[in-house]
Structure formats: C-alpha cells, structure tokens
Amino acid sequence: MTGIPPGLTLPAEILGAAGKYDYVDHFAVESGKEIRHFLADFFMYRPGWLRALFLLRKPLALALGIKHSLQADRLITPGDIPFVLGESLLVFRVVAAEDGRYWAGAADDVHLFALLAIVCERTGQGGYRHRVMTFVRYKNWRGPFYFLLIRPFHTLVVKAMAEGAR
C-alpha cells in the first residue's frame, strides 16, 4: 500500500465508509480546469486501448461474478457531475463532495469496495493540482485475486485518465 499523501486529510465519512484499506494509490496532475471540468474529462477519457482493456476484462469479471462495467457510449459534461450524497454517475456513487473535493464509491461488488477521491487544490500559477486517489478494500478471496490481475492496468488506466483530463 502506498498510503495517503502526507498533509492530505480525508473526511470522517470517507474513512468510515471503507474502513481498513488494502490498497491506496495517489497521482497528481497540474491542470487549468476546475474540478467539475476535470472530472467530466476524467470520466470521458476512453481511447481505443482503454475500451479494449475493458473488453478483455469482461470474461474475468463474469467468471468472478463481478457485475459492473463503464458505459463507454455516454457523453459526460461538467453539469452531469453529481455533487449530492448518494447520486450516481457510471459505476460511482457520491460518498462526499464539496467545492474542490470529490469522493465517490465504485465497485461495491461481491469482491471488493473501491473509492475514488479527487482533491483539487489551487496552485500559485492560477491553475489547479488534482490529486487522484484510489482506496480499495477486499471483501473476500476474489478481491485480492482480481486486483492482483488488474493492478498493473489499474495504475496505467488511472494515470492515463488523470493525464487525459488535464
């Protein structure tokens, strides 16, 4: 586990929502976009190689009883980004949101619970630094097995999505 970035605090509802995390990662990118525009572009990032990875993932997900998948054909705009507790977008359900901070649970499935957190900080140059974090808690033997197989791709995908949203 790589851990929560030093100096970054998460609200109690996030820490309580997932309990103990088995995996945490963090990527930061500089951008000129405020959080809603960054999130819309983050969720819309779907190049051919990413769609191909999700197609390759499908048989593994079916074999392990994993239900969710991204809706690759949906257009997402900044106005579509929900900031109300419990509202959903794709496989994500808002756990907590406020100006500059966004936490959404995803993959609350039979094998694991995953939480996406994006914190937007102003930089001295008038832009933003977006910290993109993933928190994962395994629920049973399928969680670590599945995540071991997809972890290298997870890292590649999340970094690419963050870079693509810049």
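Criteria and thresholds
Residues numbered from 1 in each chain as written. Predicted model: local features only at pLDDT ≥ 70, side-chain atom pairs only at ≥ 80, totals over all residues. Heavy atoms only, no water. Pairing = 2+ DSSP bridges. Helix = DSSP H or I, 4+ residues; strand = E, 2+ residues; numbered from the N terminus. Axes fitted to C-alpha atoms, helices over the stretch in contact; angles between N-to-C directions. Parallel < 35°, antiparallel > 145°, perpendicular 65-115°, else oblique. Left-handed = near helix turned anticlockwise from the far one by under 90°. Contact = heavy atoms within 4.5 Å. Nonpolar A, V, L, I, M, F, W, Y, C, P; charged D, E, K, R; others polar. Patch = residues over 30% accessible without salt bridge, like charges linked within 9 Å, V, L, I, M, F, W, Y side chains within 5 Å. Areas by Shrake-Rupley, 256 points an atom, 1.4 Å probe, with all protein chains shown as cover. Salt bridge = Lys/Arg side-chain N within 4 Å of Asp/Glu carboxyl O. Buried < 20%, exposed > 50% of the residue type's maximum accessible area, 1.4 Å probe, protein only. Core = buried A, V, L, I, M, F, W, Y, C linked by side-chain atoms within 4.5 Å.

Undergrad: Would you mind showing me how to read the pairing of strand 3 (residues 92-98) here?
TA: Each regular strand displays side chains that alternate between the two surfaces of the sheet. Sheet topology note: the strand 2 (residues 88-89)/strand 3 ladder contains two bridges and is antiparallel. For Ser88, the partnering residue across the bridge sits in strand 3 and is Arg93. What sits between strand 2 and strand 3 in their antiparallel hairpin is a turn of two residues, with Leu90 showing a positive phi close to 55 degrees. With antiparallel pairing between neighbouring strands as the criterion, strand 3 and strand 4 (residues 101-106) make up a hairpin whose turn holds two residues, including Gly100 at a positive phi of roughly 85 degrees.

Undergrad: Could you clarify how one ought to interpret the packing of helix 2 (residues 35-44) against helix 4 (residues 142-165) in this entry?
TA: For any two helices packed against each other, the geometry comes down to the angle between their axes and how far apart the axes lie. At their nearest, the axes of helix 2 and helix 4 sit 8 Å apart, and the two run at 130 degrees to each other. Taken together, the axes of helix 2 and helix 4 are oblique relative to one another. Crossing hand, helix 2 versus helix 4: right-handed. Contacts between helix 2 and helix 4 involve Phe38, Asp41, Phe42 and Phe43 on the former and, on the latter, Val158, Met161, Ala162 and Ala165. Counted by class, the contact of helix 2 with helix 4 contains seven nonpolar, no polar and one charged residues.

Undergrad: Sorry, what's going on with a nonpolar patch on the surface here?
TA: On the surface, a nonpolar cluster with roughly 290 Å² of combined accessible area is contributed by Trp49, Phe153 and Leu156. Considering the arrangement of structural elements, one finds Trp49 in helix 3 (residues 48-64). A residue is classified by how much of its surface remains accessible, and Trp49, at 35% relative accessible area, is partly exposed.

Undergrad: So what exactly am I meant to see when it comes to the sheet that holds strand 6 (residues 128-138) here?
TA: The strands that make up a sheet are held in pairs by hydrogen bonds between backbone atoms, and each pair lies either parallel or antiparallel. Strand order in the open sheet formed by six strands is 1-6-5-4-3-2, and the pairing between neighbours is antiparallel. Looking along the sheet, the strands with just one partner apiece sit at the ends: strand 1 (23-31) and strand 2. Two strands pair when backbone bridges link them, and strand 5 (residues 112-122) and strand 6 are joined in this way by eleven bridges, in the antiparallel orientation. Within strand 6, the position partnered with Phe113 by the bridge is Arg137. Here helix 2 sits on the sheet in contact with strand 1, strand 2, strand 3, strand 4, strand 5 and strand 6, set at roughly 140 degrees to strand 5. The strands that helix 4 touches are strand 1, strand 5 and strand 6; relative to strand 1, the one it contacts most, it runs at about 10 degrees.

Undergrad: Help me out: how do you make sense of the nonpolar core in this one?
TA: Ranked by size, the top nonpolar core spans 29 residues in total, and within it Phe42, Phe43 and Ile81 carry the most contacts. The element best represented in this core is helix 2, accounting for six residues. If we skip the residues at most four places from it in the chain, Phe42 touches Leu116, Ile118, Val132, Val158, Met161, Ala162 and Ala165. Counting eleven residues, the second largest nonpolar core, distinct from the first, contains Tyr21, Phe113, Ala117 and Met133.

Interpretation note: all reported values are geometric properties and have no functional meaning in isolation.
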